[in-house]
Amino acid sequence: SWPNRILNVHPALIPSFCGKGFYGLRVHEAALERGVKVTGATVHFVNEVADAVAKEFPKVTVETLAYSFTINPPKTVVPRKNVLIRFCPGKSDNSRPIAHAANDSKGNLFRVWKKYGNPLAVWTYETDFKRFYLPFPNWQGLTQDLRFYAEQGVVDVFQQGSYAGPAADLSD
């Protein structure tokens, strides 16, 4: 049995859009460049998965991403209570906290997702993917973000840094 486990539903873009150079928004941009009309898992689909999982495993949480083309909360569909929303503020100004005025659009989206009452998790980028070789000094923003997310009841924060190159923050 799988009590209290999380099932993660990823956007269905693999194997067409994966491999070297495919990370972050690049995956979705490449899909659109090729003419794909819709990318990412939608809450409607995730609700069907969540309902099926709940029948056999009532304590299992299904996870989906609020990221890139799926970052806007749906207007007519409400995520089931056993769906964890992993919010990824993507193209926000990562040198400043999410609550900063420069990130109002992403902070406001986070607050709308919170209104659904689902468990929330966060995935942030703590690097500049266009300039791996440069330091990305965002310690003040990071600490403020962690406080903000803790105050909002976020259950998990995944901070993705750079691993590429000898100067990267995770190169060891």
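Just so you know, these numbers come straight off a predicted model, no measurement behind them. (Residues numbered from 1 in each chain as written. Predicted model: local features only at pLDDT ≥ 70, side-chain atom pairs only at ≥ 80, totals over all residues. Heavy atoms only, no water.)

### With respect to the overall build of the protein
Thought 1: Within the protein one finds four helices and five strands.
Thought 2: When the helices and strands of the protein are read in sequence order from the N terminus, they spell out β-α-α-β-β-α-β-α-β.
Thought 3: Within the protein, the fraction of its 172 residues that count as buried is 42%.
Thought 4: Long-range contacts, defined as pairs at least 24 residues apart, comprise 65% of the intrachain contacts of the protein with a sequence gap of at least 6. (Helix = DSSP H or I, 4+ residues; strand = E, 2+ residues; numbered from the N terminus. Buried < 20%, exposed > 50% of the residue type's maximum accessible area, 1.4 Å probe, protein only. Contact = heavy atoms within 4.5 Å.)

### Side note on helix α3 (residues 104-115)
Thought 1: Helix length check: α3 (twelve residues) gives 17 Å between terminal C-alpha atoms against 16 Å at 1.5 Å per residue, within 8%.
Thought 2: Along α3, the residues that are buried comprise K106, G107, L109, F110 and W113. Along α3, the residues classed as buried sweep out an arc of 160° about the axis, all on the same side. Those residues of α3 that are exposed and angled more than 90 degrees off the buried face are S105 and K115.
Thought 3: Once α3 finishes, G117 follows within two positions and takes phi at roughly 85°, a positive value. (Expected span 1.5 Å × (residues − 1). Arc of directions from axis to C-beta.)

### Overview of helix α4 (residues 139-151)
Given 3.6 residues per helical turn, the α-helix brings residues three or four places apart onto the same face.
Thought 1: Its 13 residues give α4 an end-to-end C-alpha distance of 18 Å, which sits within 8% of 18 Å, the value for a rise of 1.5 Å per residue.
Thought 2: Taken residue by residue, α4 has G141, L142, D145, F148 and Y149 as its buried positions. End-on, the buried residues of α4 take up no more than an arc of 130°, which puts them together on one face. Residues W139, Q140, R147, A150 and E151 are exposed on α4 and point more than 90 degrees away from its buried face.
Thought 3: Of the surrounding secondary structure, the elements contacted by the buried residues of α4 are α3, β4 (120-125) and β5 (156-160).
Thought 4: G153 sits one or two positions beyond α4 and adopts a positive phi of about 85°.

### Quick notes on the nonpolar core
Among soluble globular proteins, nonpolar side chains are generally buried collectively.
Thought 1: Counting residues in each nonpolar core, the largest one holds 21 residues, and the members touching the most others are F87, F110, W113 and Y149.
Thought 2: Of all the elements in the fold, those that place two or more residues in this core are α2 (43-56), β2 (61-67), β3 (83-88), α3, β4 and α4.
Thought 3: Not counting residues within four places of it along the chain, the set of residues in contact with F110 comprises F87, L120, V122, F148, Y149, Q152 and V154.
Thought 4: Counting residues in each nonpolar core, the second largest holds five residues, with L65, Y67, C88 and W123 among its members. (Core = buried A, V, L, I, M, F, W, Y, C linked by side-chain atoms within 4.5 Å.)

### Observations concerning the side chain of N118
Thought 1: Following the sequence through the fold, N118 ends up in the loop between α3 and β4.
Thought 2: Here the side chain of N118 touches R80 through a polar contact of 2.6 Å, landing on its backbone oxygen.
Thought 3: Apart from residues lying up to four places away in sequence, N118 is in contact with P79, R80, K81, V83 and I85. (Polar contact = N/O pair within 3.5 Å; in protein donor to acceptor, adjacent residues only side chain to side chain.)

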